[in-house]
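# Examination of the molecular architecture
The residues making up each chain are set out below.
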Amino acid sequence: MSGMRPTGRLHLGHYFGVLINWVRFQTEYESYFSIVDWHALTTKYQDTSQIKANIHEIALDWLAAGIDPEVSTIYVQSGIPEIAELHLLLSMITQQNWVEREPTLKDMVRMLAADEEEAREKATYGLLGYPVLMSADILTFKGELVPVGKDQESHLEFARGLARKFNHLYGVDFFPECRPEFTSTPLLKGIDGSKMGKSANNAINLADTDADTTKQVMKMITDRTRIAKSDPGHVDQCEVPWPMYQIFGSDITEQVRTECESAQIGCVDCKKRLAGKMNDYLRPLRERREKFASDPKKVEQILEYGNKKARETAKKTLAEVRDIMGLHNWKND
Ligand code: SF4
């Protein structure tokens, strides 16, 4: 089980850091992938104007990446009210100091505003409960393996702690203790050499055109010591194109090294060739994306189908949770 907040289009960092694993896992495990729109509200509650559009865009990116809706369950968090119910029930057994000491919370609060006082005013009860909601996301589907980024590790520890506490309190062995699965791909650099990020304006998006991609590649930082084309380059000091060649041009890396280090090729031509390699690699993804983008009704049907499947599982889990907790299972659904 895993999810992403609908906060904008996905870039290559998301693809190589997360999505590529999801595509692999979907054939090995029963998989649930959630567009977690309630999570988007924890920090963006004042401006909700883009959430619906972003849900559609992220679904297109997932489908483009190869998540198969016939194999995996793709759904939208807010379509599954049982997650909210489990969030509430889990919040009753969550100690206050557990959420307060959550290390990522401070970073999220800092993201809300420029100074600490304003950030404190903007931070809400919902934001404080973020790790409880994430635990509910996982536990509703009894997720055992959670493919996430390294920055989410503490949240998974939190979910494990809650599962343990629930099982212990009510004397059951009901919720599994989930484990993270981190990607083996190193953090992808953006065109400026820093971590690729949506807001850093240094990303190459899955939805970009060939021309957009080429334009971004031509701006990539190379070997800063190489001034003229006749200067021999140093691939190990080439900040972005060389690491990108490892991913997109692994068949010609030795050729690139030789040509670079003997000054047979300039950085402009080298980057043009890299852009060609990247566009070749990304073309099937982009064609798939375009096909789905031309049929928005189909994407809506995919999400409705996924919500229906996810809800069946969620209803079953919640009926059992209510029984375990000694609550009434009302027949009003
Ligand atoms: Fe990097 Fe290519 Fe320039 Fe060498 S020639 S520094 S590998 S962009």
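I will try to describe carefully the structure that is included in this document. Fair warning: this is a prediction, and the values are worked out from it, not measured in the lab.

Right, let's talk about the site of the ligand for a bit. The ligand sits among T222, D223, R226, V235, C238, P241, V256, C260, C267 and C270. Cavity membership is defined here by more than half of the atoms lying within 2 Å of grid points; on that basis the ligand lies in the largest cavity. Those elements that place two or more of their residues in the shell around the ligand are α13 (253-261) and α14 (267-293). Class assignment of the residues belonging to the shell around the ligand gives a composition of 7 nonpolar, 1 polar and 2 charged.

Pairing between the strands of a sheet comes from backbone hydrogen bonds, and it takes one of two forms, parallel or antiparallel. Strand order in the open sheet formed by 3 strands is β1-β2-β3, and the pairing between neighbours is parallel. Edge strands, defined here as strands with exactly one partner in the open sheet, are β1 (2-4) and β3 (73-76). Ignoring strand direction, the axes of neighbouring strands in this sheet form an average angle of 20°. Two elements, strand β2 (residues 32-35) and β3, share 4 bridges in a ladder whose sense is parallel. If you follow S34 over to β3, its bridge partner there is Y75. Each of β2 and β3 touches helix α15 (residues 296-325); the most contacted strand, β3, lies at about 95° to it.

Moving on, we come to the layout of surface pockets. Computed from the structure, the largest pocket encloses a volume of approximately 1,600 Å³. Together, 48 residues line the largest pocket, and H14, G149, D151, Q152 and K195 are the ones closest to its centre. Listing elements by their share of the lining of the largest pocket, those giving two or more residues are β1, α1 (12-25), α2 (37-44), α6 (103-112), α9 (130-140) and β4 (145-147). Considering only residue class, the lining of the largest pocket consists of 23 nonpolar, 17 polar and 8 charged. When its volume is computed, the second largest pocket comes out at roughly 400 Å³. Of all elements in the fold, only α2, α4 (81-93), α5 (96-100), α8 (125-128) and α9 reach the threshold of two or more residues within the lining of the second largest pocket. Split by residue class, the lining of the second largest pocket holds 10 nonpolar, 8 polar and no charged.

What counts and how
- Residues numbered from 1 in each chain as written.
- Predicted model: local features only at pLDDT ≥ 70, side-chain atom pairs only at ≥ 80, totals over all residues.
- Heavy atoms only, no water.
- Near = heavy atom within 4 Å.
- 1 Å grid on protein atoms, 1.4 Å probe; cavity = no way out; pocket = protein on both sides within 12 Å on 5 of 7 lines; lining within 4 Å.
- Sits in = over half its atoms within 2 Å of the grid points.
- Helix = DSSP H or I, 4+ residues; strand = E, 2+ residues; numbered from the N terminus.
- Nonpolar A, V, L, I, M, F, W, Y, C, P; charged D, E, K, R; others polar.
- Pairing = 2+ DSSP bridges.
- Axes fitted to C-alpha atoms, helices over the stretch in contact; angles between N-to-C directions.
- Contact = heavy atoms within 4.5 Å.
- Points joined across faces, edges and corners; volume = space filled by probe spheres on them.

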